[in-house]
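# Descriptive structure summary
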Amino acid sequence: MSNSISLLFFRTAAVLLIVGMIFGIYMSASGNHAAAAAHAHLNLIGFVVMCVYGIFFALNPGRSTGRLPKILWALNTIAAVVMFPSLVLLLNGHPSFEPLVAAASFLALLGAILFAVLLFQPTATA
Ligand code: HEM
C-alpha cells in the first residue's frame, strides 16, 4: 500500500462491506427487502466510493498528505455510518429519522465537494 491514508480508506471500506453484505444476507433470509436502499447506500458510499477515494490517494501520493484527505475520510465514514441505520429505520416506518438521513446525505455531498477541491488544487504535486 503506497500510503497510510489510502490504507485507512480501504480498511474502512472492508469493514463497511462486511456489514453491508451481512445485511444483504439478512434481507434475503428474512424476505424483508424494505430497507434495500439502505443496504445499497451502505455498499455504495461505504464501500465503492470509499475504495475509489482510497485508490485515488494510492495513485496520487502528492495529494494524500495534510488535513484534507483525513477530513474527507471522516466525512464519508460518518455519512455511511449515520445513513445506514437511520435509513433502515426510516424505510421500516419511522419517519422521524428522515432529518438524520438528510444530514448524512449532506455529509456525503460535502465529502464529494472536498474531493473535487483536492483534485483541482493547483499547488499539490500529482
Ligand atoms: C453478500 C452480498 C450481498 C447480498 C446477499 C445482497 C442482497 C441484496 C438483496 C436481498 C437486495 C434486495 C433486492 C430487491 O428487493 O429487489 C439487494 C439490493 C441491492 N444491492 Fe445487494 N447484496 C449484496 C451485496 C451488494 C453489494 C456489494 C452492492 C454494491 C456494491 C449491492 C448493491 C445493491 C443495490 C444497488 C441494490 C438495489 C437496492 C434497491 O433496489 O433499492 N449489494 N441486495
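Residues numbered from 1 in each chain as written. Predicted model: local features only at pLDDT ≥ 70, side-chain atom pairs only at ≥ 80, totals over all residues. Heavy atoms only, no water.

### Observations concerning the overall build of the protein chain
The line we're drawing: The way it works is that DSSP assigns letters per residue, a run of H or I at least four long becomes a helix, a run of E at least two long becomes a strand, and they are numbered from the N terminus. Think of it in three bands: residues with accessible area under 20% of the maximum for their type are buried, residues over 50% are exposed, and the middle band is partly exposed, with areas taken using a 1.4 Å probe on protein chains only. We call two residues contacting when some pair of their heavy atoms lies within 4.5 Å.
If you tally the helices and strands in the protein chain, you get 4 helices and 0 strands. Reading the protein chain from its N end, one meets helices and strands in the order α-α-α-α. By the burial criterion, 38% of the 126 residues in the protein chain qualify as buried. Pairs at least 24 apart in sequence give 74% of the contacts found in the protein chain among residues at least 6 apart.

### Details of the side chain of Asn43
Residue position: Asn43 is located in helix H2 (residues 36–59). Classification of Asn43 by relative accessible area gives buried; the value is 14%. Setting aside residues up to four positions removed in sequence, Asn43 forms contacts with Leu16, Leu17, Gly20, Met21 and Val48.

### Overview of the coordination of the iron atom of the ligand
Going by this rule: Coordination shells were defined by N, O and S atoms within 2.8 Å of each metal, extended to 3.2 Å for Na, K and Ca; water is absent from the atom set, which can make sites look incomplete.
Exactly one protein atom donates to the iron atom of the ligand; that atom is His39 (NE2), 2.0 Å from the metal. Mapped onto the elements of the fold, His39 is located in helix H2.

### With respect to the packing of aromatic side chains
Note the threshold: Aromatic pairing here means that ring centres of Phe, Tyr or Trp (its six-membered ring) are within 6.5 Å. Orientation follows from the plane angle: under 30 degrees is stacked, over 60 is edge-to-face, and everything else is tilted.
All told, the structure shown has 7 aromatic pairs when counted by the stated rule. Relative to Phe115, the ring of Phe56 lies with its centre 5.2 Å away and its plane at 90°, an arrangement referred to as edge-to-face. Here Phe56, found in helix H2, pairs with Phe115, found in helix H4 (residues 98–120); they are 59 residues apart in sequence, far enough to count as distant. As far as burial versus exposure is concerned, Phe56 and Phe115 are alike and both buried.

### Here we look at the nonpolar core
Quick note on the threshold: Note on terminology: a nonpolar core comprises buried Ala, Val, Leu, Ile, Met, Phe, Trp, Tyr and Cys residues joined through side-chain atoms within 4.5 Å.
Of all hydrophobic cores here, the largest spans 29 residues; its most connected members are Phe9, Phe57 and Leu72. The set of elements that each furnish at least two residues to this core consists of helix H1 (4–30), H2, helix H3 (67–91) and H4. With residues near it in sequence (within four places) discarded, Phe9 still touches Met50, Tyr53, Gly54, Phe57, Pro69, Leu72 and Trp73.

### Focus: the site of the ligand
Rules: If a single non-hydrogen atom of a residue is within 4 Å of a molecule or strand, that residue counts as near it. Pairs of N or O atoms are called polar contacts if they sit within 3.5 Å, as long as, within protein, a hydrogen donor faces a hydrogen acceptor (for residues adjacent in sequence, only side-chain-to-side-chain pairs). Only Asp, Glu, Lys and Arg are considered charged in this grouping, and only Ala, Val, Leu, Ile, Met, Phe, Trp, Tyr, Cys and Pro are considered nonpolar; every other residue, Gly among them, is considered polar.
Taken together, 13 residues sit near the ligand, with Gly24, Ser28, His33, His39 and Asn43 positioned nearest. The contact in question runs from a nitrogen atom of the ligand to an N or O atom on the side chain of Asn43, over 3.3 Å. Where the shell around the ligand is concerned, the elements lending two or more residues are H1 and H2. Here the shell around the ligand is built from residues that sort into 8 nonpolar, 5 polar and no charged.

### Digging into the environment of Leu59
Residue placement: Leu59 occurs in helix H2. Among the residues examined, Leu59 registers a relative accessible area of 63% and is labelled exposed. Along the primary structure Leu59 and Ile113 are separated by 54 residues, whereas in three dimensions their C-alpha atoms are 20 Å apart.

### Observations concerning the packing of H2 against H4
A packed helix pair is summarised by two numbers, namely the angle formed by the two axes and the spacing between the axes. The line we're drawing: Where helices are involved, their axes are fitted lines through C-alpha atoms of the stretch in contact, as for all axes, and angles between N-to-C directions lie from 0 to 180°. By the definition adopted for this analysis, an angle is roughly parallel if under 35 degrees, roughly antiparallel if over 145, roughly perpendicular if from 65 to 115, and oblique otherwise. It is the rotation of the near helix from the far one that decides the hand of a crossing: anticlockwise by less than a right angle makes it left-handed, clockwise makes it right-handed.
For the pair H2 and H4, interaxial distance at closest approach is 12 Å and the crossing angle is 15°. Judged by the inter-axis angle, H2 sits roughly parallel to H4. Crossing angle aside, the handedness with which H2 passes H4 is left-handed. Taking contact as the criterion, the partners of Ile45, Tyr53, Phe56 and Phe57 in H2 are, on H4, Ala108, Gly111, Ala112, Phe115, Leu118 and Leu119. Counted by class, the contact of H2 with H4 contains 9 nonpolar, 1 polar and no charged residues.

Any link to function would need more than the numbers given here.
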